[in-house]
Amino acid sequence: MTTPELAAYRAWAEIPTAGPVAFSVVIPAYNEAVRILPTVGAIALHMSSLGRSWEMIVADDGSTDNTVELLEDLNLANLRILRAKQNGGKGSAVRRGVLAAQGQAVLFADADQSTPIEQFGDLLAEIEAGHDVAIGSRAVEGATVANKSLLRKAFSKGLNLLVRFGFGVPFADTQCGFKLFTAVAAELLFQRQLVDEFSFDLEILYLAKKFDLKVAEVPVEWIDAPGSTVDATKVAVEFIRDMAQIKWFDLRGRYDQINHSPVVSPTTAPSAQLLEVAS
């Protein structure tokens, strides 16, 4: 028996969306062959069940495994794949995906699904209430965190304190990979983004504060996914370096100009079509 949810998914998978797109889901991916198919499946089933038009964009970051080939083989009508010629960093992948998005609201979600897609509605409620940006947070009341190592907890707490009191960005968690933007806010912020590595989240929220955007911090469930290749110590050092760089960019007026243009792409494109873009 076909359920309404499955029927909605099949329609999304087989029929290109015509007309305005309500939601875009952007997933950055680098060598995600092991996890990408379950992630795409989980997101597609849930988003299709909402009854609104939507698209998925996977911004591959120069993967050397078969991530792209696996996505091509799905042949999903409303999945677009953006392929970089070389690895440019997570920030560059997210930026390319967001600037290619056509949705009225744009979600950035990590490929490991540490924050389940079912919490999309919590962020959307804040956008519909008038916020420009809604960010998932593991550090506000109501959030739950599972399987996070003591080392990562210590790093996160220290960096969060530095960000809030030393950097002036008033959010308890800048780095959760689950953020929703209005189309206008997404264009404003990501056209000015200059950081290509993991600290891009911090830069985006710094810019949101600079341009007086309304940002809601939403408690989420977060589960540390196995298989992460992130070196916490290295990321912490880069994070501190990037804070100084962001301030320097601002002092030089780099954020008062547009640094990137939206990616021009067809209204609809089959998953087999790869868009070669610069990082």
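Remember, predicted model here, so these are calculated numbers, not experimental data. (Residues numbered from 1 in each chain as written. Predicted model: local features only at pLDDT ≥ 70, side-chain atom pairs only at ≥ 80, totals over all residues. Heavy atoms only, no water.)

### Let's talk about the overall build of the chain
- Per the secondary structure count, the chain includes nine helices and 10 strands.
- Within the chain, the fraction of its 279 residues that count as buried is 50%.
- For the chain, long-range pairs separated by at least 24 residues make up 82% of all intrachain contacts whose partners lie at least 6 apart in sequence.
- Accessible surface for the chain amounts to roughly 12,500 Å². Of this, 55% is attributable to carbon and sulfur atoms. (Helix = DSSP H or I, 4+ residues; strand = E, 2+ residues; numbered from the N terminus. Buried < 20%, exposed > 50% of the residue type's maximum accessible area, 1.4 Å probe, protein only. Contact = heavy atoms within 4.5 Å. Areas by Shrake-Rupley, 256 points an atom, 1.4 Å probe, with all protein chains shown as cover.)

### Let's talk about the packing of aromatic side chains
- The tally for this structure, following the rule as stated, stands at seven aromatic pairs.
- Residues tyrosine 206 and tyrosine 255 carry aromatic rings whose centres are separated by 6.5 Å and whose planes lie at 50° to one another, so their mutual orientation is tilted. Highlighted residues: tyrosine 206 in helix α8 (residues 200-210) and tyrosine 255 in the loop between α9 (232-251) and β10 (274-277), separated in sequence by 49 residues. With respect to burial, tyrosine 206 and tyrosine 255 carry one shared label: buried.
- In textbook terms, an aromatic cluster arises when at least three aromatic residues are bridged by ring pairs, as seen for Tyr9, Trp12 and Trp54.
- Over the ring of tryptophan 222 we find arginine 138, and its NZ or CZ is 5.0 Å from the ring centre.
- Residue placement shows lysine 210 over the ring face of phenylalanine 211; its charged tip is 5.8 Å from the ring centre. (Phe/Tyr/Trp six-rings, centres within 6.5 Å; stacked < 30°, edge-to-face > 60°. Lys NZ or Arg CZ within 6 Å of the ring centre and 35° of its normal.)

### Regarding unusual backbone geometry
- Phi at asparagine 31 takes a positive value of approximately 50°, unusual for a residue other than glycine.
- Topologically, asparagine 31 is positioned in the loop between β1 (21-29) and α2 (36-48).
- Backbone geometry at glutamine 113 places phi at a positive 55°, although glycine is not the residue there.
- With respect to the helices and strands, glutamine 113 occurs in the loop between β4 (103-109) and α5 (120-128).

### What to know about the nonpolar core
- Grouped together as the largest cluster of nonpolar side chains are 39 residues, with contacts concentrated most on Val133, Val169, Leu189, Phe190 and Leu202.
- If you list the elements that add at least two residues to this core, you get α4 (90-100), β4, β5 (133-137), α6 (150-166), α7 (183-190), α8 and α9.
- No other element matches the seven residues that α8 contributes to this core.
- Those residues within four positions of leucine 189 in sequence are excluded, and the remaining contacts are Val133, Phe181, Ile204, Leu207, Ala208 and Leu213.
- Core analysis: the next-biggest nonpolar cluster, separate from the first, contains 35 residues, Ala13, Ile27, Ile117 and Cys176 among them. (Core = buried A, V, L, I, M, F, W, Y, C linked by side-chain atoms within 4.5 Å.)

### Examining the side chain of arginine 80
- Considering the arrangement of structural elements, one finds arginine 80 in strand β3 (residues 79-84).
- A polar atom in the side chain of arginine 80 sits 2.7 Å from the side chain of glutamate 55. (Polar contact = N/O pair within 3.5 Å; in protein donor to acceptor, adjacent residues only side chain to side chain.)

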